[in-house]
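Coordinates in review
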Amino acid sequence: MKRVNIIGCGKVGMVLGRLFHEKEIFEIGDILNSTPESGARAAALIGAGRPVTDFAQLSPADLCLIAASDDAIAGCAVRLAACRVVQPGTVVWHLSGALNADVLAPLRGAGAEVASVHPVRSFADVERSVREFPGTWCGIEGDEAAVAVLSAALTSLGAKIFAVDPAFKSIYHAGAVFVCNYLTALLEVGLRSYEKAGLPRQTALQVMEPLVRGTLDNVFSFGAAQALTGPIARGDVALVARQLAAVESWDSEVALIYRSLGRVALELARQRREAAPSPSLDALQKLLVENS
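All values reported here derive from a predicted model rather than from experimental measurement. (Residues numbered from 1 in each chain as written. Predicted model: local features only at pLDDT ≥ 70, side-chain atom pairs only at ≥ 80, totals over all residues. Heavy atoms only, no water.)

1. Some thoughts on the overall build of the chain
Stated precisely, the cut-off is as follows: By the criteria applied, helices consist of DSSP H or I runs no shorter than four residues and strands consist of E runs no shorter than two, each listed in order from the N terminus. For the radius of gyration, the atoms used are the C-alpha atoms, and the globule rule reads 2.2 Å times the number of residues raised to 0.38. Relative accessible area decides the class of each residue, using a 1.4 Å probe on protein chains only: under 20% of the type maximum gives buried, over 50% gives exposed, and in between gives partly exposed. Here a residue-residue contact requires only that any non-hydrogen atoms of the pair lie within 4.5 Å. Here the Shrake-Rupley method, with its probe set to 1.4 Å, supplies the accessible areas, and only the displayed protein chains count as covering residues. Positive: Lys, Arg. Negative: Asp, Glu. His and the chain ends are not part of the count. A charge is said to be at NZ when it belongs to Lys, at CZ for Arg, at CG for Asp and at CD for Glu.
Helix and strand counts for the chain come out as 13 helices and eight strands. In terms of C-alpha radius of gyration, the chain reaches 24 Å, well past the compact-globule figure of 19 Å for 292 residues. For the chain, the C-alpha atoms occupy an extent of roughly 70 × 40 × 30 Å along the three principal directions. Looking at the chain as a whole, 38% of its 292 residues qualify as buried. Pairs at least 24 apart in sequence give 60% of the contacts found in the chain among residues at least 6 apart. For the chain, the accessible surface area stands at approximately 15300 Å², while carbon and sulfur atoms represent 57% of it. Separation of charge centres in the chain, based on 27 positive and 30 negative side chains, amounts to 4 Å.

In structure tokens:
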């Protein structure tokens, strides 16, 4: 088995280390954490590995996983290159969804093949993440040799691999922010709208739940355009105008959200198989752009 060292072994590092060990994909080598206690905890959860606290203590390995936070990755790469433990052909990769593999450029000078792997899932609970990792989508980019080795290893764990264009890595990661973080924020705007109309927050949540779950099911079943319903999908100019005026009189910031998302909805409305008449959609375009 090839040997892997893990630097910055938090929850994601522990999940992958445990899976690599249990499935006998890689032998776990050194686990470099900032304190002996955290390294020992990681090694105990993984079931293997030698805890160390300094880059100078690292032994050579075939692979090195930098599982540290985004802000620490570049510094880890510099220190790892300086300690001369990386040999030509060593595969080094990080787990950031926002940074591309080029942040590991100092290690290329030592002959390493570098890559970035982004597992698209929450790792809030280590044991649960270990159980549920099969089927996890992982975005990957980097040097061809590293991508090949890591794709094979992750596939052996049951992961599903997709390629990411490194030139647009930040936009790729913004996609996750939109569909996760900003979806939560958008639901909060909906809650505030219901509350403005007199609904208690708990009642509003109960009213929203079937609507939100049904919408998500429709998007994943039929695609965004065919899942779109409501006044913009119908081309109901008068209703949209009344809503927009009411929202603007209540909260100008929410009105900006209404306009911006309305224009995206309008693009989807034009793509629908049963699209509303073009004159109505053109009128909506003008309405949503005015004073925006």
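Further notes follow.
2. Describing the pattern of salt bridges
Using the following cut-off: Here, a salt bridge means any Lys or Arg side-chain nitrogen found within 4 Å of an Asp or Glu carboxyl oxygen.
Scanning the entire structure with this criterion turns up 16 salt bridges. The residue Arg-50 makes a salt bridge to Asp-30 at a minimum N-O spacing of 2.9 Å. Highlighted residues: Arg-50 in strand S3 (residues 50-52) and Asp-30 in strand S2 (residues 26-32), separated in sequence by 20 residues. Two residues, Asp-282 and Arg-270, come together in a salt bridge whose shortest N-O distance is 3.1 Å. Here the residue Asp-282 occupies a position in helix H13 (residues 278-289), and Arg-270 occupies one in helix H12 (residues 252-271), the gap between them amounting to 12 residues.

3. Here we look at the nonpolar core
Quick note on the threshold: Note on terminology: a nonpolar core comprises buried Ala, Val, Leu, Ile, Met, Phe, Trp, Tyr and Cys residues joined through side-chain atoms within 4.5 Å.
If you look at the biggest cluster of nonpolar residues, it comprises 36 residues, and the most contacted ones within it are Phe-20, Trp-93 and Phe-133. Residues in contact with Trp-93, not counting those within four places in the same chain, are Val-4, Phe-20, Leu-63, Cys-64, Leu-65, Ile-66, Leu-104, Ala-115, Val-117 and Leu-150.

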